Amino acid sequence: MKTTRILLAGTTICLMAAFPAFSKEYRIAVGDGAGGTQEALGKAFVEALEQESGGEMTGKLFVNGQLGDEQDTVTAAATGTLDFSILAINNITPFSPSVGTLTLPYVILSQEDAEKVTQGEVGQQMVEQTIEDAGVRIIGWGYSGFRVLTNSKKPISTVADLQGLVVRVPKNEIMIETYKSWGINPTPMAWGETFAALQQKVVDGQDNPYMTVNAMKFYEVQKYITNLRYIFSIEPLIISEALFESLDEEQQQQVLAAGQAATQASAAFLREQESKIRDELVARGMEITEPADDEKEFIDLATSTVWPKFYDQIGGVEVLNNVLTSLGRDPV
Ligand code: MLT
């Protein structure tokens, strides 16, 4: 009996040492539903944050846009009413145009490209620019894969097939212009309204990665997938810069280290999960079509007309060239 009491007391002391009495819990907005890249990034971040801070800091994820639409969470974080948000990069671009370089069509051509750009010097420049422009700091990068086109009407493999289709796009000028270069006028719409719009047939289709199509259960309302590769979706984890500045130096380092750990976890998650998720979508009845002629027509139209339109907005053609050369490609 005495031995048991001593053991219990010892265990309590160990637990008290491992978990401090006070743990600050931050709110983390997640735009997508559970089971996707964003939630995986968030879970990895919370786990690493608890470890780095010895339990003094933690986070709670609110999936499916519960804390607001993705673009609204940028404003909320900038004004300090939200702590963290995980969202697609295209929904930061309206607040920090240079980040748009990563949503220019056919700039990022693989997961390796995405990791190289975001984790290298270019990524660091974007972090600094986003703090200045938008009042939020990117502390981690999620990788979601290429945004494939889904629709409820027919298989699409050519630009001609696309004509007449009503496609939802994020409120992002670059993506709107990309569809215009393919001959259609897309419908800009907030992310949170997209499922209902597809369900009610206000729009016929949309584009997002396989991981997101699955996390959002779009297979319930969409049949056809075109395996486009025009944008590789990067999903940053942002912190309110006001919150970051209010932390002491050690806490800031803990937050940054947790963000880096989450970035690595996200890259591994996509490598492990993407083809599995694609197969699941097919098993649920979706049909995948490859773009004709290795997507040549889509690529030629988008790169020749969309890129030059945005040189000024992204901060000059040199910003794009910086990205291209960092990937070993020729500058324009
Ligand atoms: C969008 O289409 O608005 C976003 O890419 C959705 C997302 O965050 O996954």
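Heads up: the structure comes first, above all this text.
What you see is a predicted model, and the numbers here were worked out from it, not measured in a lab.

Undergrad: Can you help me understand the packing of helix H5 (residues 121–134) against helix H13 (residues 317–326) in this one?
TA: Two quantities define a packed helix pair, namely the angle between the helix axes and the distance between the axes. Relative orientation of the contacting elements H5 and H13 amounts to 150°, with a least axis distance of 10 Å. As far as their axial angle goes, H13 and H5 are roughly antiparallel. Residues Val-122, Gln-125 and Met-126 of H5 touch H13, and the partners they reach there are Asn-322, Val-323 and Ser-326. Here the residues of the contact of H5 with H13 are counted per class, giving 3 nonpolar, 3 polar and no charged.

Undergrad: Can you walk me through the site of the ligand in this structure?
TA: Taken together, 13 residues are adjacent to the ligand, and Asp-32, Gln-38, Glu-70, Arg-147 and Arg-168 come closest. Between the ligand and the protein, one listed contact pairs an oxygen atom with a side-chain N or O atom of Gln-38 at 3.0 Å. Side-chain polar atom of Glu-70 to an oxygen atom of the ligand: 2.4 Å apart, as the coordinates give it. Protein chains shield 100% of the accessible area of the ligand, which is 270 Å² for the free molecule. Split into classes, the residues belonging to the shell around the ligand amount to 3 nonpolar, 5 polar and 5 charged.

Undergrad: Which parts of the structure should I look at to understand the sheet that holds strand S3 (residues 84–86)?
TA: Across a sheet, paired strands are connected by hydrogen bonds in the backbone, their directions being either parallel or antiparallel. In spatial order, the strands read S2-S1-S3-S10-S4; together these 5 strands make up an open sheet with mixed pairing. Edge positions in the sheet fall to strand S2 (57–62) and strand S4 (136–146), since each of these pairs with one other strand and no more. Direction aside, the axes of adjacent strands within the sheet are offset by 20° on average. The pairing of strand S1 (residues 24–30) with S2 spans 6 bridges and is parallel. Its bridge partner lying in S2, Tyr-26 is registered against Gly-59. Sheet contacts for helix H4 (residues 111–119): S4 and strand S10 (232–240); angle to S4, the most-contacted strand, approximately 175°.

Undergrad: Could you clarify how one ought to interpret the packing of aromatic side chains in this entry?
TA: Both the distance between ring centres and the angle between the ring planes are used here to describe each pair of aromatic rings. A full pass over the atoms with the stated rule returns 9 aromatic pairs. When the ring of Tyr-179 is compared with that of Tyr-230, the centres are 6.1 Å apart and the planes differ by 85°; the resulting orientation is edge-to-face. Taken together, the residues Tyr-179 in helix H7 (residues 173–181) and Tyr-230 in the loop between strand S9 (224–226) and S10 connect sequence positions 51 residues apart. Taking relative accessible area as the criterion, Tyr-179 reaches 0% and is therefore assigned buried. By relative accessible area, which is 0% here, Tyr-230 ends up buried. Consider the rings of Trp-182 and Phe-298, whose centres lie 5.1 Å apart with planes at 85°: the pair is edge-to-face. Of this pair, Trp-182 sits in the loop between H7 and strand S7 (187–188) while Phe-298 sits in helix H12 (residues 296–309), and the two are 116 residues apart along the sequence.

Calculation criteria
- Residues numbered from 1 in each chain as written.
- Predicted model: local features only at pLDDT ≥ 70, side-chain atom pairs only at ≥ 80, totals over all residues.
- Heavy atoms only, no water.
- Axes fitted to C-alpha atoms, helices over the stretch in contact; angles between N-to-C directions.
- Helix = DSSP H or I, 4+ residues; strand = E, 2+ residues; numbered from the N terminus.
- Parallel < 35°, antiparallel > 145°, perpendicular 65-115°, else oblique.
- Contact = heavy atoms within 4.5 Å.
- Nonpolar A, V, L, I, M, F, W, Y, C, P; charged D, E, K, R; others polar.
- Near = heavy atom within 4 Å.
- Polar contact = N/O pair within 3.5 Å; in protein donor to acceptor, adjacent residues only side chain to side chain.
- Areas by Shrake-Rupley, 256 points an atom, 1.4 Å probe, with all protein chains shown as cover.
- Pairing = 2+ DSSP bridges.
- Phe/Tyr/Trp six-rings, centres within 6.5 Å; stacked < 30°, edge-to-face > 60°.
- Buried < 20%, exposed > 50% of the residue type's maximum accessible area, 1.4 Å probe, protein only.

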